[in-house]
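# Coordinates in review
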Amino acid sequence: MRTVHAQRQLLFLVVTLLVGGLILHLSESPAQAAKKFARKECVDCHGKFNDKYLSMKYIHTIVKEQKCEDCHLRHGIVPKLLLKKDGNQLCFDCHGRDKIGLDKPKVHTPLRQGKCTLCHNPHASTTPHLLKGDGPESCYVCHKKEDYEKGTIHGAITKKGCGSCHAAHSSTEDNLLRDKEPKICLGCHDSGAGSFKKAHGGYPVENKRCTICHNPHSSTGKKLLRSSAHNPVATGGCDGCHNPAGGPEPSG
């Protein structure tokens, strides 16, 4: 009899708890229920991310729209960066291959190797195009800065940056030049100007490759002359070897 009575008491207790829980659940307002199961956004936890990037001038569109999961997988309590795809494949989902220049024969090494983030910050930046550095500084991540800051620096670099002569992603020309040489040089240097003719002793150099004698970036010599420049060239004594500039075959 005692066993039966104990079983009845236990059953009564279980039923009471179930009914009480049901009543409590039904009495909960829809707003409370929604709040209880509300999905957290990434920025709710990543406060340092907000402080670092969302105050910057240039913010990646998907970051601004809080579409973190366009690139990242949700990772729960595991503190690990998980991208949906490797390398540049993730970037290509939004940035078409042809639009960024992968259809051209000469492709910038970082782009070809799948390293967009070597030059660009994927979240935000203080410089246009989400570049990690301002002007030439973004190029110096790979290219030795001292090679471009010798005594005499090409004005194109100091005034407009590397992009004035080179394409950032790809080109049809070697060294990612925006045009063939010497055409690209003559875009700034007027071969018909008196100063140009005087600097070259009156010789018709406008159809020659400028970089044979000049370093296009910087030089320890004047007028960007290469350190290996032939001495008569450096001293302006071209007529010591060549026919006079005004003759029928001045380069002979």
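Everything below is about the structure shown above.
Residues numbered from 1 in each chain as written. Predicted model: local features only at pLDDT ≥ 70, side-chain atom pairs only at ≥ 80, totals over all residues. Heavy atoms only, no water.

You can see Tyr 148 is positioned in the loop between strand 3 (124-125) and strand 4 (152-153). Between the alpha carbons of Tyr 148 and Ser 218 there is a distance of 5.2 Å; along the sequence they are 70 residues apart. If we ignore the near neighbours within four places in the chain, the residues touching Tyr 148 are Tyr 140, His 143, Ile 153, Ile 157, His 217 and Ser 218. (Helix = DSSP H or I, 4+ residues; strand = E, 2+ residues; numbered from the N terminus. Contact = heavy atoms within 4.5 Å.)

On to the packing of aromatic side chains, then. With the rule as written, the count across this model stands at 2 aromatic pairs. Between Phe 49 and Tyr 53 the ring centres are 4.9 Å apart and the planes differ by 50 degrees, which places this aromatic pair in the tilted class. On the criterion of helical spacing, the pair formed by Phe 49 and Tyr 53 is a turn pair, its members being 4 residues apart in helix 4 (residues 47-53). Geometrically, the ring pair formed by Tyr 140 and Tyr 148 is tilted, given 6.0 Å between the ring centres and 35 degrees between the ring planes. A relative accessible area of 16% means that Tyr 140 is categorised as buried. (Phe/Tyr/Trp six-rings, centres within 6.5 Å; stacked < 30°, edge-to-face > 60°. Buried < 20%, exposed > 50% of the residue type's maximum accessible area, 1.4 Å probe, protein only.)

Within the largest apolar cluster, 7 residues are counted, these being Tyr 53, Ile 59, Ile 62, Val 63, Cys 71, Leu 90 and Ala 124. Residues within four places of Tyr 53 in sequence aside, it is in contact with Ile 59, Asn 121, His 123 and Ala 124. Counting residues in hydrophobic clusters, the runner-up holds 5 residues, among them Phe 92, Val 107, Leu 111 and Cys 116. (Core = buried A, V, L, I, M, F, W, Y, C linked by side-chain atoms within 4.5 Å.)

Charged atoms that come close allow side chains of opposite charge to pair. By the definition in use, this model includes 8 salt bridges. In this structure, Asp 93 and Lys 85 form a salt bridge, with 2.9 Å as the shortest nitrogen-oxygen distance. Assessed through its relative accessible area of 48%, Asp 93 is described here as partly exposed. (Salt bridge = Lys/Arg side-chain N within 4 Å of Asp/Glu carboxyl O.)

Everything listed here is a matter of coordinates, which is why it stays silent on function.
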